[in-house]
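# Analysis of the macromolecular model
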Amino acid sequence: MRDVYELTDEELEDCFEIDPQFTQTYFLLAKYYKKFGPHPKLQVMLEKALDQNILDATILDLLPRLYQDSGNLDKNLLLYERLIEKRPSSIVYHQALVELYTKRRNFVKACLHLEAILKLSPSSVSELIRLGEILLLHAPQIREIRQTMANLYIKSCQPTKAVIQLDALLALNSGNRHDIVVSLKHLLQLFPDTPEIML
């Protein structure tokens, strides 16, 4: 007896063409992928479904894995950028973009998505600091990362670390001295009993 997942190319396509909205189709395709690995037409079918605005959870899970398995970072980036346009409040999509832009070495864009997560989920500041410190290791000269890290440290009540970032911004001579002074004054108001934060 033939295994239920041993489908021919035509049968795989038929599963999709009969009713692209039928969720069980994508569940079956995911099971097929899990058992046999990537199929040449699997990615094409999932991309077609996405083009038809079918945002089934299985598609959104499987398509990034297919891109990752094939080492296609650019397609993964485009996919998540497209998804974030549809669901700008998705923390998961922003996190994926932080990771992907970090791999692509586009640290400014990674930093923008860190800031977006902070706005959506202020309670995730500890995790964001961890991700931000990775960005900082890769690109300590980028002003946006230093500013984001200063903001994260302020939100996590770590004024001394925030001052270190603001001091680094001054050293970078980024031309925004006034903004840095304003941030420092704000820090002093928030943490008046922390004299070591004075530059």
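As a reminder, the structure under discussion sits directly above these lines.
The present account deals with the structure reproduced in this document. (Residues numbered from 1 in each chain as written. Predicted model: local features only at pLDDT ≥ 70, side-chain atom pairs only at ≥ 80, totals over all residues. Heavy atoms only, no water.)

In this section: unusual backbone geometry. Phi at arginine 105 takes a positive value of approximately 65°, unusual for a residue other than glycine. Secondary-structure assignment places arginine 105 in the loop between helix H6 (91-103) and helix H7 (107-120). The phi dihedral of cysteine 157 is positive, around 60°, even though this residue is not glycine. Considering the arrangement of structural elements, one finds cysteine 157 in the loop between helix H9 (143-155) and helix H10 (159-171). A relative accessible area of 53% places cysteine 157 in the exposed class. (Helix = DSSP H or I, 4+ residues; strand = E, 2+ residues; numbered from the N terminus. Buried < 20%, exposed > 50% of the residue type's maximum accessible area, 1.4 Å probe, protein only.)

It is worth spelling out the nonpolar core at this point. Grouped together as the largest cluster of nonpolar side chains are 57 residues, with contacts concentrated most on Tyr26, Leu46, Ile145 and Leu187. When sequence neighbours within four positions are dropped, the list of residues in contact with leucine 46 reads Tyr26, Leu29, Ile59, Leu62, Leu63 and Leu66. (Core = buried A, V, L, I, M, F, W, Y, C linked by side-chain atoms within 4.5 Å. Contact = heavy atoms within 4.5 Å.)

A rise of 1.5 Å per residue sets the reference length of H9, with its 13 residues, at 18 Å; its end C-alpha atoms lie 18 Å apart and thus fit the reference within 8%. For H9, the set of buried residues is Ile145, Arg146, Gln147, Thr148, Met149, Ala150, Leu152, Tyr153 and Ile154. Looking at the buried residues of H9, the elements they touch are H7, helix H8 (125-138), H10 and helix H11 (177-190). Positive phi shows up at cysteine 157, right after H9, with a value of about 60°. (Expected span 1.5 Å × (residues − 1).)

Quick look at the environment of isoleucine 145 now. Along the polypeptide, isoleucine 145 turns up in helix H9. Overall, the relative accessible area of 1% leaves isoleucine 145 in the buried class. The spacing of isoleucine 145 and lysine 35 is 110 residues in sequence and 42 Å in space, taken between C-alpha atoms. Here isoleucine 145 is in contact with Phe107, Cys111, Gly132, Leu135, Leu136 and Ala139, once residues within four sequence places are set aside.

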